[in-house]
Amino acid sequence: SQTIHQWPATLVQPVGSPLSLECTVEGTSNPNLYWYRQAAGRGLQLLFYSVGIGQISSEVPQNLSASRPQDRQFILSSKKLLLSDSGFYLCAWKPPFPLSEQFFGPGTRLTVL
Amino acid sequence: AQKVTQAQTEISVVEKEDVTLDCVYETRDTTYYLFWYKQPPSGELVFLIRRNSFDEQNEISGRYSWNFQKSTSSFNFTITASQVVDSAVYFCALSEAYSGGGADGLTFGKGTHLIIQP
């Protein structure tokens, strides 16, 4: 069966510090991968998606970036965090076509102080 | 552009009552998918159901049922005989049909916080 991991589970970082969140998927190959952010009191917003190694598409301009160095690894980064980067970050994966549902990881709760 | 509206921010009912969560969507796509996810206090989103735009048949799974009406662009979710364990935030979501380009991220509503009181 497939599983998705995210770490760390929680993170408290000062403004201006760097960020690296990691997501890995097990039990599947060539998945589509996604990063979403859930800010307090708001819905989930798609940040990045990837259909393959090294292929990243951004949905919202921001000071965050994503990378996919391996087939089942997806990394969310920032060089300098802003207060507005605080939120709950969820990684998701989707099997190749024709299935369409996405399956989510446990999330990382980021607080920027 | 796609949009999902969940007008009910919070619903509170007493256990064993039936409750319906509303979802209205907007899309220009002729083929699309609709989803419901559950987010318990732990935070992880749990997939509940997917519905294809060309399939308007309603679905029942145990105490859960979904009513998809393309004419009104609605995809409502009903829990029958609610239980305390149903307490969570429920999200309705929309995606275009897979185009091969990978641009099939989900557009979420803002969620409905469902509270089931014992």
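This text goes with the structure placed above it.
Below is a summary of the structure that appears in this document. Because the structure is predicted, anything quoted here is derived from the model rather than measured. (Residues numbered from 1 in each chain as written. Chains lettered and ligands numbered in written order. Predicted model: local features only at pLDDT ≥ 70, side-chain atom pairs only at ≥ 80, totals over all residues. Heavy atoms only, no water.)

The next subject is the overall build of chain A. Looking only at helices and strands, chain A features 0 helices and 11 strands. Ordered by position from N to C terminus, the α and β elements of chain A give β-β-β-β-β-β-β-β-β-β-β. The C-alpha radius of gyration of chain A comes to 13 Å, within 12% of the 13 Å expected for a compact globule of 113 residues. If you line up chain A on its principal axes, its C-alpha atoms span 40 × 25 × 20 Å. The 113 residues of chain A split such that 49% are buried. Contacts in chain A between residues at least 24 apart in sequence constitute 54% of all its contacts with a sequence separation of at least 6. For chain A, the computed accessible surface area is about 5200 Å², with 56% contributed by carbon and sulfur atoms. Between the averaged position of the 8 positive side-chain charges in chain A and that of its 6 negative side-chain charges there is a distance of 8 Å. (Helix = DSSP H or I, 4+ residues; strand = E, 2+ residues; numbered from the N terminus. Rg over C-alpha atoms; globule rule 2.2 N^0.38 Å. Buried < 20%, exposed > 50% of the residue type's maximum accessible area, 1.4 Å probe, protein only. Contact = heavy atoms within 4.5 Å. Areas by Shrake-Rupley, 256 points an atom, 1.4 Å probe, with all protein chains shown as cover. Lys, Arg positive; Asp, Glu negative; His and termini not counted. Charge placed at Lys NZ, Arg CZ, Asp CG, Glu CD.)

All names here are of chain A. Where burial is concerned, the two faces of strand β2 (residues 10–13) differ: the one with Leu11 and Gln13 is buried and the one with Thr10 and Val12 is not. Alignment of β2 against strand β11 (residues 108–112), held across 4 bridges, turns out to be parallel. Along β11, the bridge assignment pairs Thr10 with Arg109. (Pairing = 2+ DSSP bridges.)

Membership of the largest hydrophobic core comes to 23 residues, with the highest contact counts inside it found for Trp36, Phe75, Phe77 and Tyr90 of chain B. Considering every element that reaches this core, the biggest residue donor is strand β10 (residues 88–96) of chain B, with 4 residues. Excluding residues within four positions of it along the chain, Phe77 of chain B makes contact with Val19, Thr20, Leu21, Trp36, Leu48, Tyr64, Ser65, Trp66 and Tyr90 of chain B. Counting 20 residues, the second largest nonpolar core, distinct from the first, contains Leu21, Val25, Phe74 and Leu110 of chain A. (Core = buried A, V, L, I, M, F, W, Y, C linked by side-chain atoms within 4.5 Å.)

Residue and element names in this part refer to chain B. Scanning all chains against the criterion turns up 2 disulfides over all chains. Cys23 shares a disulfide with Cys92; S-S distance 2.0 Å. Judged by the torsion about the S-S bond (-65°), the Cys23/Cys92 disulfide is left-handed. In this pair, Cys23 is assigned in the loop between β3 (19–21) and β4 (24–26) and Cys92 in strand β10, connecting sequence segments 69 residues apart. Here Cys23 and Cys92 have matching classes, each one buried. (Disulfide = S-S within 2.5 Å.)

The next point concerns the pattern of salt bridges. Side-chain pairs of opposite charge can arise where the charged atoms are in close proximity. This structure, assessed with the given rule, holds 6 salt bridges over all chains. Through salt bridges with shared partners, a single network forms among Arg51, Asp55 and Glu59 of chain B. (Salt bridge = Lys/Arg side-chain N within 4 Å of Asp/Glu carboxyl O.)

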